[in-house]
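# Residue-level structure breakdown
Chain residues, written in single-letter form:
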Amino acid sequence: MKISQLGAIALFSATLAAMAGPASAETYRLSQNTSNTTTWQKGAEKFNELLGEATDGKMEVRIFPNAQLAGGDQMKQTEMVSRGSIDFMLTSAINVTPLVPELAVFSLPYLYSDYDEVDATTSGEPGQKIEEILKEHGIIALAWGENGFREVTNNVRPIKTPADMQGLKMRVSGPMYIDVMQALGANPQQMQWSETFPALQQGVVDGQENPIGAVIIPQRVYEVQKYLTTWHYSYDPLFLGVSEKLWDSWDDETKTTVKKAAEEAMEYQKEISREGTAKGVEFLREQGMDVYEPNAEEIDAFREATKPAFDTWSKKVGEDLVKSFKDTIVQSN
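Residues numbered from 1 in each chain as written. Predicted model: local features only at pLDDT ≥ 70, side-chain atom pairs only at ≥ 80, totals over all residues. Heavy atoms only, no water.

## Some points on the overall build of the protein chain
- Scanning the protein chain for helices and strands turns up 13 helices and 9 strands.
- Relative to a compact globule of 333 residues, whose C-alpha radius of gyration would be 20 Å, the protein chain shows 22 Å and is just as compact.
- For the protein chain, the spread of C-alpha atoms along the three principal axes comes to 90 × 45 × 35 Å.
- Across the 333 residues of the protein chain, 53% fall into the buried class.
- Of the roughly 14,700 Å² of accessible surface on the protein chain, 49% is carried by carbon and sulfur atoms. (Helix = DSSP H or I, 4+ residues; strand = E, 2+ residues; numbered from the N terminus. Rg over C-alpha atoms; globule rule 2.2 N^0.38 Å. Buried < 20%, exposed > 50% of the residue type's maximum accessible area, 1.4 Å probe, protein only. Areas by Shrake-Rupley, 256 points an atom, 1.4 Å probe, with all protein chains shown as cover.)

## Remarks on the packing of aromatic side chains
- In total, this model carries 15 aromatic pairs according to the counting rule given.
- A centroid spacing of 5.8 Å and a plane angle of 65° characterise the contact between tryptophan 144 and phenylalanine 239, whose relative ring orientation is edge-to-face. Linking tryptophan 144 in strand S4 (residues 139-154) with phenylalanine 239 in strand S8 (residues 227-243), this pair joins segments that are 95 residues apart in sequence.
- What makes tryptophan 144 buried here is its relative accessible area of 8%.
- Three or more aromatic residues joined by ring pairs make a cluster, and in this case those are Tyr28, Phe47, Phe88, Trp247 and Trp250. (Phe/Tyr/Trp six-rings, centres within 6.5 Å; stacked < 30°, edge-to-face > 60°.)

## Examining helix H10 (residues 252-286)
- Over its 35 residues, H10 runs 50 Å from end to end, which matches the ideal 51 Å to within 8%, given 1.5 Å per residue.
- At glycine 280, H10 shows its strongest bend, of approximately 50°. (Expected span 1.5 Å × (residues − 1). Bend = angle between axes of the 7 residues up to and from the residue.)

## Let's talk about empty space enclosed by the protein
- On inspection of all chains with the given rule, the structure shows 1 cavity of 30 Å³ or more.
- When its volume is computed, the largest cavity comes out at roughly 110 Å³.
- Trp40, Asn95, Asn147, Trp193 and Asn210 are, among the 15 residues lining the largest cavity, the residues nearest its centre.
- Here the residues of the lining of the largest cavity are counted per class, giving 4 nonpolar, 8 polar and 3 charged. (1 Å grid on protein atoms, 1.4 Å probe; cavity = no way out; pocket = protein on both sides within 12 Å on 5 of 7 lines; lining within 4 Å. Points joined across faces, edges and corners; volume = space filled by probe spheres on them. Nonpolar A, V, L, I, M, F, W, Y, C, P; charged D, E, K, R; others polar.)

## Structural notes on the packing of helix H4 (residues 115-122) against helix H13 (residues 319-332)
- Running from N to C, H4 and H13 point in directions that differ by 125°, and their axes come no closer than 9 Å. By the angle between their axes, H4 is oblique relative to H13. Note on packing geometry: the crossing formed by H4 with H13 is right-handed. Only Phe325, Thr328, Ile329 and Ser332 of H13 make contact with H4, whose side of the interface consists of Glu117, Ala120 and Thr121.
- Here the residues of the contact of H4 with H13 sort into 3 nonpolar, 3 polar and 1 charged. (Axes fitted to C-alpha atoms, helices over the stretch in contact; angles between N-to-C directions. Parallel < 35°, antiparallel > 145°, perpendicular 65-115°, else oblique. Left-handed = near helix turned anticlockwise from the far one by under 90°. Contact = heavy atoms within 4.5 Å.)

## Focus: the layout of surface pockets
- As a volume, the largest pocket reaches approximately 300 Å³.
- If you list the elements that add at least two residues to the lining of the largest pocket, you get S4, S8, H10 and helix H11 (296-305).
- Grouping the amino acids of the lining of the largest pocket by side-chain chemistry returns 10 nonpolar, 7 polar and 6 charged.

## Considering the pairing of S8
- Counting buried residues in S8 gives 16 out of 17 residues, a clear majority hidden from the surface.
- Bridge analysis of strand S3 (residues 88-92) against S8 gives 5 bridges, and the strand direction is antiparallel. What sits directly across from methionine 89, in S8, is glycine 241.
- When S4 meets S8, the two strands line up antiparallel, connected through 13 bridges. (Pairing = 2+ DSSP bridges.)

## A short note on the nonpolar core
- One finds Val105, Tyr112, Ile130, Met165, Trp231 and Phe239 to be the most contacted residues of the largest nonpolar core, which totals 53 residues.
- If you tally residues by element for this core, the top one is S4, at 5 residues.
- Residues within four places of methionine 165 in sequence aside, it is in contact with Val152, Arg157, Ile159, Met170, Met181, Leu184, Gly185, Ala186 and Trp231.
- Listed in part, the 44 residues of the second largest apolar core include Trp40, Phe88, Met191 and Leu228. (Core = buried A, V, L, I, M, F, W, Y, C linked by side-chain atoms within 4.5 Å.)

Next up, the structure:
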């Protein structure tokens, strides 16, 4: 064989290798609970993008929406990450409460009044305490994102007072919200998000509660719900977590790279979620929803009505933990 032919073969082989990407590339699986249209999905995609850039393509994340890897079961998804069967998980705190009840602290009714108070807790000592608790369950929380303040929708009537909740069949996502809805006189039904849209469509449930920017708009809830009340009754953060088993297998440099990519991705996710929420009420009105925005006095009535659930769950998550959150909120004002 001539030298020129050998050179051509070598060049061709090098080109193929370059096209194939890094020989040592690792692909990881990330499960998230919602469809591929949400800010959850966009945050997960940003994480994959940033991680690929930081590692020259040596680390890649495949994203599975609707908790597909766990058969749509959000609780099972968390357990699989804890065991190391799934690598990464992007989920909301309230969806983890069946396994880790302390995470319900974020969503205690009317704990927060604005985003500044939220950010003070997730970036401060309370957030660190929750991260320690998650680690005890085999999950490393890499960064906090946002599902948002949960608003209520239904197909029966406008909700202006606690009495308007009486008898409504409400889809809820976790145990704490069962107690909250019962305190308001509603009939809560816990179900997976993947089951909720058809349940609303078919009238199996009358309503649901979720954030505007992260869920109600991108999941097109307005197509099957008539009334929206912006009661801001509960906040729900997201967190991007990784299996502790996988985390422990990495060297310090890899851990730093993964955490940095996660933090930047979740900052992006929070930003687009808050933008969507800010513009969301007007958009929903344009889509034909009847939107009611309660005043401070009306909010106080909802706060008083849900206080029994607040007290019950303060005991369940730990009163010291609740105090840490409350103290941090006071200091932030």
